[in-house]
Structure formats: C-alpha cells, structure tokens
Amino acid sequence: MLLPEQVKIVEVGPRDGLQNESQILATADKVALIEKLSLTGLRYIEATSFVAKKWIPQLGDAEEVMSAIKRTSGVTYSALVPNWAGFERSLLVHTDEIAVFTAASDAFTQKNINCSIDECFERFAPILTAAKEKNIRVRGYVSCALGCPYAGEIAPLAVARVAKRLYDMGCYEISLGDTIGVGTVNKVNAMLHAVMQVLPTEAIAVHFHDTYGQALINIYAALQLGVQVIDSAVAGLGGCPYAKGASGNVATEDVLYALHGLGIETGIDLKKIIQVAHFISDKLGKPPQSKVTRAWGV
C-alpha cells in the first residue's frame with residue numbers, strides 16, 4: 001500500500017508534554033521552547049492549555065505564555081480549552097486555534113473532567129458555535145481510543161461514534177489518542193477502519209504514547225491506511241495526569257527520523273528538533289527520552 005508523500009506533524013510538547021512533568025517550568029523557558037520549535041519548520045504547535053491552575057499548575061501561566069511568544073509567520077499556535085471560561089481566556093490573547101477534548105470512555109471523562117461523554121458535548125456546543133462565528137478553527141481530541149485505565153478495552157465503534165460527533169459539531173480534525181499506550185497494530189487497524197467509515201481520512205490524526213514501545217509501528221500502520229497527521233512531543237515529553245501508567249508521547253525526533261527514512265516529506269529540520277530536545281531536557285534536569293536524540297547528541 002502506498003504511503004503518504006507528506007505528513008503534518010502537530011507538536012504537542014509545550015502542552016501535552018509539560019502538563020505531566022513534575023517540575024513547573026518558568027514562563028520564560030516555556031516561551032523559549034515554543035520559539036525554538038517555531039524555527040524548526042514545524043507549522044503547528046500546541047502551546048498551552050487554558051485549564052484552571054488548580055488542576056494543571058504546570059500550565060497555570062497560559063495567558064503569559066501566549067502573550068509573550070514571538071510568533072513566526074506560517075506557524076499556527078493553538079491551545080486546549082476545557083470549557084467556556086477557557087475559551088474566553090484564549091480569545092483575550094489571540095490564540096490562533098483551539099482544541100476541545102473528550103474520550104471514548106465515560107469512566108475516563110468522569111475521572112478527568114467530572115462529567116460524562118454526553119455532558120462533554122453539552123459543554124462544547126456553545127464553544128463550537130462561538131468559534132465558528134469568530135472564524136477560529138477547532139480541533140477535537142478523543143482520548144482512550146485504544147484502551148482506558150479504568151474501563152479496559154474500548155470498542156472501535158465507540159471511538160467512531162465520538163469522533164463523528166466531534167466532526168459533525170464542527171471540529172475540522174480529530175486526533176485519536178492512545179492515552180495509555182496500549183495499542184498494537186491490529187488494534188490500531190481495527191479502530192481506524194471503524195473511524196474511516198464515518199470520517200474522511202484527511203480529518204484524522206493519530207496521537208500515540210509510547211508506554212510499550214509500540215508508537216512508531218502503530219504510526220506506520222496508520223500511514224499505510226492513509227493517515228497524514230501525527231501528534232508528537234519533542235524529547236518524548238508527557239504522559240497524562242489522569243491516566244496511571246501512561247508514559248510520554250512519541251518523540252517528535254523519533255517520528256521525523258522514521259518518516260524521513262521512508263521518504264516522506266515533513267518540512268521539519270531534524271537536527272534543529274534534536275537541539276530543542278536537548279534544550280528542554282536540560283531545563284527539566286533529565287536525559288532526553290528519545291533514542292534518536294540520545295544517539296545523535298547535539
């Protein structure tokens with residue numbers, strides 16, 4: 001099967017990566033991280049989340065970060081918004097795009113944001129309406145697309161139903177997340193086949209955590225089905241504060257090394273990404289999680 005000629009990388013390190021780090025970085029360091037990423041060829045960076053500081057203190061300076069970054073032309077700077085209050089905060093600092101999130105598991109949404117899947121959509125409705133009026137694009141996340149830390153196995157049709165609801169509400173792109181990193185190729189194929197029955201392939205993104213070392217092979221399986229959007233985090237940052245056992249996101253530099261080896265164009269400079277991986281790892285006081293970064297050095 002033919003692979004895509006080009007792939008869009010959605011860099012989630014500044015948000016999904018930093019939200020689960022025990023250390024709270026200084027605002028200036030977050031701004032520096034985003035600005036360095038902006039100069040690598042990345043065209044989409046999820047910069048922060050407008051969630052209440054008491055829930056995710058690591059991202060409690062969302063307004064300061066979005067206001068301070070020097071924006072590079074051609075780069076979209078997005079943010080996650082959990083509710084109407086978060087949406088209003090995002091508007092004040094001219095966030096380019098927003099993302100909303102739910103899960104394919106009611107058990108997870110109850111633990112994560114204290115509501116059911118249906119209640120999630122009730123919260124989203126006014127946000128999607130207002131965003132459309134303001135010509136702000138909205139991305140949707142579906143967590144636990146391949147397994148839930150509380151409910152276990154997730155049926156592919158359950159993922160497809162939630163993804164379709166997000167798309168029908170106005171989300172232009174749906175990111176399907178393996179939140180705890182339990183997915184394998186067969187599970188990925190089954191889930192994507194179900195979602196592709198109800199969504200156009202170009203609206204689908206994949207978001208893999210690398211708990212069991214399966215992220216890259218799962219990405220390859222998605223590519224074989226025509227998926228052209230991949231979420232990743234520089235230096236393999238991240239996890240999920242509400243998913244026990246979840247490891248970091250698949251590292252952007254590992255994804256780039258694999259894609260470039262397949263002859264797939266990304267427009268991103270791998271060497272510059274590796275330099276950013278060293279920068280943020282040094283700030284966090286830990287070695288890079290990425291095998292590529294550890295192998296190449298600076």
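Residues numbered from 1 in each chain as written. Predicted model: local features only at pLDDT ≥ 70, side-chain atom pairs only at ≥ 80, totals over all residues. Heavy atoms only, no water.

As for the overall build of the protein
In terms of helices and strands, the protein carries twelve helices and eight strands. Its C-alpha atoms give the protein a radius of gyration of 17 Å, near enough to 19 Å, the size a compact globule of 298 residues would have. Each of the three principal axes of the protein carries a C-alpha extent, and together these read 45 × 45 × 35 Å. By sequence separation, contacts in the protein at least 24 residues apart represent 74% of the contacts at least 6 residues apart. By element, 52% of the accessible surface of the protein is carried by carbon and sulfur atoms, the whole surface being about 12300 Å². Of the charged side chains in the protein, 27 are positive and 30 negative; the average position of the first set lies 3 Å away from that of the second. (Helix = DSSP H or I, 4+ residues; strand = E, 2+ residues; numbered from the N terminus. Rg over C-alpha atoms; globule rule 2.2 N^0.38 Å. Contact = heavy atoms within 4.5 Å. Areas by Shrake-Rupley, 256 points an atom, 1.4 Å probe, with all protein chains shown as cover. Lys, Arg positive; Asp, Glu negative; His and termini not counted. Charge placed at Lys NZ, Arg CZ, Asp CG, Glu CD.)

Some points on the side chain of Asn249
Mapped onto the secondary structure, Asn249 falls in the loop between strand 8 (229–232) and helix 10 (252–261). On the accessibility criterion, Asn249 (4% relative accessible area) is buried. For Asn249, the side chain forms a polar contact with the side chain of His209, separated by 3.3 Å. Engagement of the side chain of Asn249 in a polar contact is seen with the backbone oxygen of Leu237, the distance being 3.0 Å. (Buried < 20%, exposed > 50% of the residue type's maximum accessible area, 1.4 Å probe, protein only. Polar contact = N/O pair within 3.5 Å; in protein donor to acceptor, adjacent residues only side chain to side chain.)

Thoughts on the packing of aromatic side chains
Here the structure, examined in full by the defined rule, presents three aromatic pairs. Centre to centre, the rings of Phe108 and Tyr150 are 6.4 Å apart; their planes meet at 35°, and the pair counts as tilted. Here Tyr150 lies in the loop between strand 5 (138–143) and helix 7 (156–169) and Phe108 lies in helix 5 (residues 106–113), a separation of 42 residues in the sequence. Where Phe121 meets Phe124, the ring centres are 5.8 Å apart and the plane angle is 70°; that geometry is what we call edge-to-face. Taken together, the positions of Phe121 and Phe124, both in helix 6 (residues 117–133) and three residues apart, correspond to about one turn of that helix. Like Phe124, Phe121 is buried. (Phe/Tyr/Trp six-rings, centres within 6.5 Å; stacked < 30°, edge-to-face > 60°.)

Structural notes on the pattern of salt bridges
Think of it this way: side chains of opposite charge can pair up when their charged atoms draw near. Under the defined criterion, the tally for this structure stands at 14 salt bridges. A salt bridge links Arg71 to Asp96, with the shortest nitrogen-to-oxygen separation between them at 3.3 Å. Here the residue Arg71 occupies a position in the loop between helix 3 (62–68) and strand 3 (76–80), and Asp96 occupies one in the loop between helix 4 (84–92) and strand 4 (97–103), the gap between them amounting to 25 residues. In the salt-bridge network here, residues are joined through shared partners; they are Lys8, Arg139, Glu173 and Asp231. (Salt bridge = Lys/Arg side-chain N within 4 Å of Asp/Glu carboxyl O.)

Observations concerning the pairing of strand 7 (residues 204–208)
Most of strand 7 is tucked away, with five of its five residues classed as buried. Across the two faces of strand 7 the burial is the same, with Ile204, Val206 and Phe208 and Ala205 and His207 all buried. Judged from the five bridges that link them, strand 6 (residues 173–178) and strand 7 form a sheet pairing that is parallel. By the bridge assignment for strand 7, Asp178 is matched with Phe208. Since strand 6 and strand 7 lie parallel, the crossover through helix 8 (residues 185–196) that links them has a hand, and here it is right-handed. The sheet contact formed by strand 7 and strand 8 spans two bridges and is parallel. Residue pairing in the sheet places His207 in a bridge with Asp231 of strand 8. A crossover links strand 7 with its parallel partner strand 8, the connecting element being helix 9 (residues 215–224), and its sense is right-handed. (Pairing = 2+ DSSP bridges. Right-handed = clockwise from strand over helix to strand, strands pointing away.)

Structural notes on the nonpolar core
In terms of nonpolar packing, the biggest core is built from 103 residues, with Leu176, Leu192 and Ile280 touching the most fellow members. Once residues within four sequence positions are removed from consideration, Ile280 is found in contact with Leu18, Leu25, Leu33, Val234, Ala235 and Leu237. (Core = buried A, V, L, I, M, F, W, Y, C linked by side-chain atoms within 4.5 Å.)

Looking at the packing of helix 2 (residues 27–38) against helix 11 (residues 270–284)
In a packed pair of helices, the relevant descriptors are the angle between the two axes and the axis-to-axis distance. Their axes nearest at 10 Å, the elements helix 2 and helix 11 cross at an angle of 170°. One element, helix 2, and the other, helix 11, form an angle in the roughly antiparallel class. Residues Asp29, Ala32, Leu33, Lys36 and Leu37 of helix 2 form the contact with helix 11, whose own contacting residues are Ile273, Val276, Phe279, Ile280 and Lys283. Along the lines of polarity and charge, the residues of the contact of helix 2 with helix 11 split into seven nonpolar, no polar and three charged. (Axes fitted to C-alpha atoms, helices over the stretch in contact; angles between N-to-C directions. Parallel < 35°, antiparallel > 145°, perpendicular 65-115°, else oblique. Nonpolar A, V, L, I, M, F, W, Y, C, P; charged D, E, K, R; others polar.)

Re the side chain of Thr252
Along the chain, the position of Thr252 falls in helix 10. By relative accessible area, Thr252 is classed as buried at 0%. Among the polar contacts listed, one links the side chain of Thr252 to the backbone nitrogen of Val234, at a separation of 3.1 Å. Sequence-distant contacts of Thr252, that is, excluding residues within four places in its chain, are made with Ile9, Glu11, Ser232, Ala233, Val234 and Ile273.

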